[in-house]
Amino acid sequence: MPYTLSRAEALLLGAILLLALFAGLGPLFGLHMDQAPHIHDYADQRAWLGLPCALDVLSNLPFALFGLWGLRVLARVPAAALEGTQRALAALFFVGLILTAFASGWYHWRADDAGLFIDRLGMSFAFAGLLGLAVASRITARVGQWSAPVVLLWGVLGAWVCWRSGNLLHWALLQGAGLALLLALSVLPVRGLPVRWWLIIVIYAAAKLCELADHVIFEATGQLISGHSLKHLVAALAAWPVIWALQQVGQNARK
């Protein structure tokens, strides 16, 4: 039986190929996005009980807590209530959050370029699970199956390129394209897990604003908390719409 693509699958595949072509050929035409020269110069450098940059390190704990909570909720969803691919991608997302907690904590313990590479590796797993799940729940499971490895590979390569050359282009493309994809998918009919993808976009935008206002927030709060620490706390909330959707599916299945 011939393998045919739906219109949505073909559009997504075409967009990925165009982005890959742009990312691959961009540097040949001089396209370069420099990483901020003072990227490791975070506002809150205070230590606590010997822990350097304590709040930037400890504020990553919610990623692990949400990841563990999500895995627990996922395990309680009956097998018949959630398609297998979506279950696997949700698990990848939650595991990615746990990895992000450790990787980002490691980086902020002693911020440098190598640590930032490790930080982005953790985020790549979370991105792959989240975007793969979005595709599987709004287009088809089969396209979700191959989109997650593509996102993961892109994230790893983008993080490596930035570490070795300082070119942020590939990493920035992944984040920008990921947000655009979530926005496009949010208007499509639900085919599985009823995640409110638009809410995740809002949470991401709020976290990004906190990150950009790192020093401003630190001074505005009387040096109580920095924008970057607040960014971690806000970004971890992106797991909540996925957990809520899993809870709804589980409750409906038990009625």
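Residues numbered from 1 in each chain as written. Predicted model: local features only at pLDDT ≥ 70, side-chain atom pairs only at ≥ 80, totals over all residues. Heavy atoms only, no water.

Draft legend 1. Summary view of the packing of aromatic side chains. In this structure the tally under the stated criterion is 6 aromatic pairs. Ring centres of phenylalanine 117 and tryptophan 163 lie 4.7 Å apart, and the angle between their planes is 20°; on these two criteria the pair is classed as stacked. Here phenylalanine 117 is found in helix α5 (residues 113-138), whereas its partner tryptophan 163 is found in helix α6 (residues 141-165), with 46 residues between them in sequence. With a relative accessible area of 15%, phenylalanine 117 lands in the buried category. A residue is classified by how much of its surface remains accessible, and tryptophan 163, at 31% relative accessible area, is partly exposed. Consider the rings of phenylalanine 127 and tryptophan 171, whose centres lie 5.9 Å apart with planes at 40°: the pair is tilted. Of this pair, phenylalanine 127 sits in helix α5 while tryptophan 171 sits in helix α7 (residues 169-185), placing them 44 residues apart in sequence. (Phe/Tyr/Trp six-rings, centres within 6.5 Å; stacked < 30°, edge-to-face > 60°. Helix = DSSP H or I, 4+ residues; strand = E, 2+ residues; numbered from the N terminus. Buried < 20%, exposed > 50% of the residue type's maximum accessible area, 1.4 Å probe, protein only.)

Draft legend 2. Structural detail: the side chain of glutamine 86. Looking at the element boundaries, glutamine 86 is found in helix α4 (residues 84-109). With a relative accessible area of 4%, glutamine 86 lands in the buried category.

Draft legend 3. Looking closely at the packing of helix α3 (residues 61-76) against helix α10 (residues 227-236). Relative to each other, α3 and α10 sit at 10°, their axes nearing to 8 Å. One element, α3, and the other, α10, form an angle in the roughly parallel class. Where α3 abuts α10, its residues Pro62, Phe63 and Phe66 lie against His232, Leu233, Ala235 and Ala236. (Axes fitted to C-alpha atoms, helices over the stretch in contact; angles between N-to-C directions. Parallel < 35°, antiparallel > 145°, perpendicular 65-115°, else oblique. Contact = heavy atoms within 4.5 Å.)

Draft legend 4. Inspection of the environment of threonine 100 at higher detail. Considering the arrangement of structural elements, one finds threonine 100 in helix α4. Sequence separation between threonine 100 and phenylalanine 63 is 37 residues; the distance between their C-alpha atoms is 6.8 Å. Beyond its immediate sequence surroundings of up to four residues, threonine 100 is in contact with Asn60, Phe63, Gly105, Gly122, Met123 and Ala126.

Draft legend 5. Region of interest: a nonpolar patch on the surface. Residues Trp48, Leu49, Leu58, Leu61 and Leu65 make up a contiguous nonpolar surface patch of roughly 570 Å² in combined accessible area. Among the structural elements, tryptophan 48 can be located in the loop between α1 (7-25) and α2 (54-58). (Patch = residues over 30% accessible without salt bridge, like charges linked within 9 Å, V, L, I, M, F, W, Y side chains within 5 Å. Areas by Shrake-Rupley, 256 points an atom, 1.4 Å probe, with all protein chains shown as cover. Salt bridge = Lys/Arg side-chain N within 4 Å of Asp/Glu carboxyl O.)

Draft legend 6. Spatial organisation of the packing of α5 against α6. Contact geometry of α5 with α6 gives a least axis separation of 8 Å together with a crossing angle of 165°. Judged by the angle between their axes, α5 and α6 are roughly antiparallel. Helix-helix and strand crossings are classified by hand; for α5 and α6 the assignment is right-handed. A per-class count over the contact of α5 with α6 returns 19 nonpolar, 5 polar and 2 charged. (Left-handed = near helix turned anticlockwise from the far one by under 90°. Nonpolar A, V, L, I, M, F, W, Y, C, P; charged D, E, K, R; others polar.)

Draft legend 7. Local environment of the pattern of salt bridges. Counted according to the given criterion, the structure contains 3 salt bridges. Among the ionic pairs, lysine 208 bridges to glutamate 211, the shortest N-O distance being 3.0 Å. Of this pair, lysine 208 and glutamate 211 both sit in helix α8 (residues 197-212), separated by 3 residues, roughly a single helical turn. Judged by relative accessible area, lysine 208 falls into the partly exposed class, the value being 31%. For glutamate 211, the salt bridge identified is with lysine 231, shortest N-O distance 3.5 Å. Taken as a pair, glutamate 211 in helix α8 and lysine 231 in helix α10 lie far apart in primary sequence, 20 residues in all. On the basis of relative accessible area, lysine 231 is assigned to the buried category, the value being 17%. Residues joined by salt bridges that share partners form a network here, namely Lys208, Glu211 and Lys231.

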